[in-house]
Amino acid sequence: QKEVEQDPGPLSVPEGAIVSLNCTYSNSAFQYFMWYRQYSRKGPELLMYTYSSGNKEDGRFTAQVDKSSKYISLFIRDSQPSDSATYLCAMGVYNTDKLIFGTGTRLQVFP
Amino acid sequence: EPEVTQTPSHQVTQMGQEVILRCVPISNHLYFYWYRQILGQKVEFLVSFYNNEISEKSEIFDDQFSVERPDGSNFTLKIRSTKLEDSAMYFCASSPDRPRSGNTIYFGEGSWLTVV
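Read on for an overview of the structure. (Residues numbered from 1 in each chain as written. Chains lettered and ligands numbered in written order. Predicted model: local features only at pLDDT ≥ 70, side-chain atom pairs only at ≥ 80, totals over all residues. Heavy atoms only, no water.)

1. Examining the overall build of chain B
Secondary structure summary: chain B contains 0 helices and 11 strands in total. Going from N to C terminus, chain B has its helices and strands arranged as β-β-β-β-β-β-β-β-β-β-β. Computed over C-alpha atoms, the radius of gyration of chain B comes to 13 Å, within 12% of the 13 Å expected from 2.2 N^0.38 for 116 residues, which places it in the range of a compact globule. Principal-axis analysis of the C-alpha atoms gives chain B an extent of 40 × 30 × 30 Å. Carbon and sulfur atoms provide 44% of the accessible area of chain B, an area that totals close to 5700 Å². With 10 positive and 15 negative side-chain charges, chain B shows a spacing of 4 Å between the two charge centroids. (Helix = DSSP H or I, 4+ residues; strand = E, 2+ residues; numbered from the N terminus. Rg over C-alpha atoms; globule rule 2.2 N^0.38 Å. Areas by Shrake-Rupley, 256 points an atom, 1.4 Å probe, with all protein chains shown as cover. Lys, Arg positive; Asp, Glu negative; His and termini not counted. Charge placed at Lys NZ, Arg CZ, Asp CG, Glu CD.)

2. Topic: the pairing of strand S9 (residues 88-95) of chain B
Residue and element names in this part refer to chain B. Extensive coverage of S9 is indicated by the burial of 8 of its 8 residues. For S9 and strand S11 (residues 111-115), the ladder comprises 3 bridges, and the chain directions are antiparallel. When the sheet's bridge partners are listed, tyrosine 90 is paired in S11 with serine 111. (Buried < 20%, exposed > 50% of the residue type's maximum accessible area, 1.4 Å probe, protein only. Pairing = 2+ DSSP bridges.)

3. Considerations on the pattern of salt bridges
For side chains of opposite charge, pairing can occur when their charged atoms come near one another. Evaluation of the coordinates by the stated rule reveals 6 salt bridges over all chains. Here aspartate 97 of chain A makes a salt bridge to arginine 98 of chain B, at a shortest N to O gap of 2.9 Å. One end of the pair, aspartate 97 of chain A, is in the loop between strand S9 (85-92) and strand S10 (100-101); the other, arginine 98 of chain B, is in the loop between S9 and strand S10 (106-107), on a second chain. Among the residues examined, aspartate 97 of chain A registers a relative accessible area of 0% and is labelled buried. (Salt bridge = Lys/Arg side-chain N within 4 Å of Asp/Glu carboxyl O.)

4. Quick look at the nonpolar core
Counting residues in each nonpolar core, the largest one holds 26 residues, and the members touching the most others are Phe30, Trp35, Ile72, Leu74, Ile76, Tyr87 and Met91 of chain A. Within the residue set of this core, elements represented by two or more residues are strand S3 (19-25), strand S4 (32-38), strand S5 (45-50), strand S7 (61-66), strand S8 (71-76), S9 and strand S11 (105-110) of chain A. If you look at the next biggest cluster of nonpolar residues, it comprises 23 residues, including Val19, Phe32, Leu46 and Val67 of chain B. (Core = buried A, V, L, I, M, F, W, Y, C linked by side-chain atoms within 4.5 Å.)

5. Here we look at the sheet that holds strand S3 (residues 19-24) of chain B
Residues and elements named next belong to chain B. What the 4 strands build is an open sheet, ordered S1-S3-S8-S7; its pairing is antiparallel. A strand with exactly one partner marks an edge of an open sheet, and here the two such strands are strand S1 (5-7) and strand S7 (65-68). For this sheet, the mean angle separating the axes of adjacent strands, direction not counted, is 20°. For S7 and strand S8 (residues 75-79), the ladder comprises 4 bridges, and the chain directions are antiparallel. (Axes fitted to C-alpha atoms, helices over the stretch in contact; angles between N-to-C directions.)

6. Things to note about the interface of chain A and chain B
At the interface, 20 residues of chain A touch 24 residues of chain B. Interface area, chain A with chain B, both sides summed: about 1900 Å², of which 55% is carbon and sulfur. Broken down residue by residue, the surface that chain A buries against chain B is led by Arg41, Asp97 and Phe101 of chain A, which jointly contribute 33%. If you look at where chain A meets chain B, you find 2 salt bridges. (Contact = heavy atoms within 4.5 Å. Buried area = accessible area lost by both parts, 1.4 Å probe.)

7. Looking at the sheet that holds S7 of chain A
Residues and elements named next belong to chain A. Spatially, 5 strands are ordered S1-S3-S8-S7-S6 in an open sheet, and the strand pairing comes out antiparallel. Both outer strands of the open sheet, strand S1 (4-6) and strand S6 (54-58), are each paired with one neighbouring strand and no more. Neighbour-to-neighbour, the strand axes of this sheet turn through a mean angle of 20°, independent of strand direction.

8. Details of the state of the cysteines
Residue and element names in this part refer to chain A. Taken as a whole and assessed by the stated rule, the structure comprises 2 disulfides over all chains. Between the sulfur of cysteine 23 and that of cysteine 89 lies a disulfide, 2.0 Å long from S to S. Judged by the sign of its S-S torsion, about -100°, the bond between cysteine 23 and cysteine 89 is left-handed. A residue pair is termed long-range when its members are at least 10 positions apart, and cysteine 23 in strand S3 and cysteine 89 in strand S9 qualify at 66 residues. (Disulfide = S-S within 2.5 Å.)

9. Here we look at the side chain of glutamine 6 of chain A
Residue and element names in this part refer to chain A. Tracing the backbone shows glutamine 6 in strand S1. Relative accessible area serves as the criterion here: at 8%, glutamine 6 is assigned to the buried category. With sequence-adjacent residues up to four places away left out, glutamine 6 is seen in contact with Asn22, Cys23, Trp35, Tyr87, Leu88, Cys89, Gly102, Thr103, Gly104 and Thr105.

10. With respect to the environment of glutamine 41 of chain B
Residues and elements named next belong to chain B. Positionally, glutamine 41 belongs in the loop between strand S4 (31-37) and strand S5 (43-50). The class of glutamine 41 is partly exposed, set by a relative accessible area of 42%. Placed 54 residues apart in sequence, glutamine 41 and serine 95 show a C-alpha to C-alpha distance of 24 Å.

Limitation: the analysis is restricted to geometry and does not speak to function.
Set out below in structure tokens:
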């Protein structure tokens, strides 16, 4: 079983739609969780950081963590064509420096 | 907004050659990292660096790889004798402190390495 699983997509939605992106993980030791956005051939750009179960909102983005189910989500409201990118989940454990990434979900928002 | 800068953006090298990838982390950051992403695969941790020494490294980071902070601003990744399977995008990253402390990791644009 992979440590972090993420549906690669592509996920194609119309402009204005609510997008739900998800990751599951197997290692219950993961303690903090991040969502990154990556445009083609660019570096990952941090969107959200969370470390507890529950929801965290920032503008059009909401990150949700369910540690009991080992499941994290990123919701994008009022999606825009400029949101078209690959979304990477990443997670870590407090006693290490490394982030473990999912494979990324490619999102396409069409006008 | 401060950013992590990397050079070169793209390098083609022959198998067996040495390659040095360079990075300028964000100026007040203390932790530095290298990650790589083979085309179509996930981003993978290589190494973290703090206080002029390696803090942590992955199984990928074998004796072919080394990192250095030769001066107060640059952070380099050297691959001693490149192999075809080293072809990947290499990302430098930095953070104010350890990610476990709630500090976010900022990534550069990447250096695309092609080994032929």
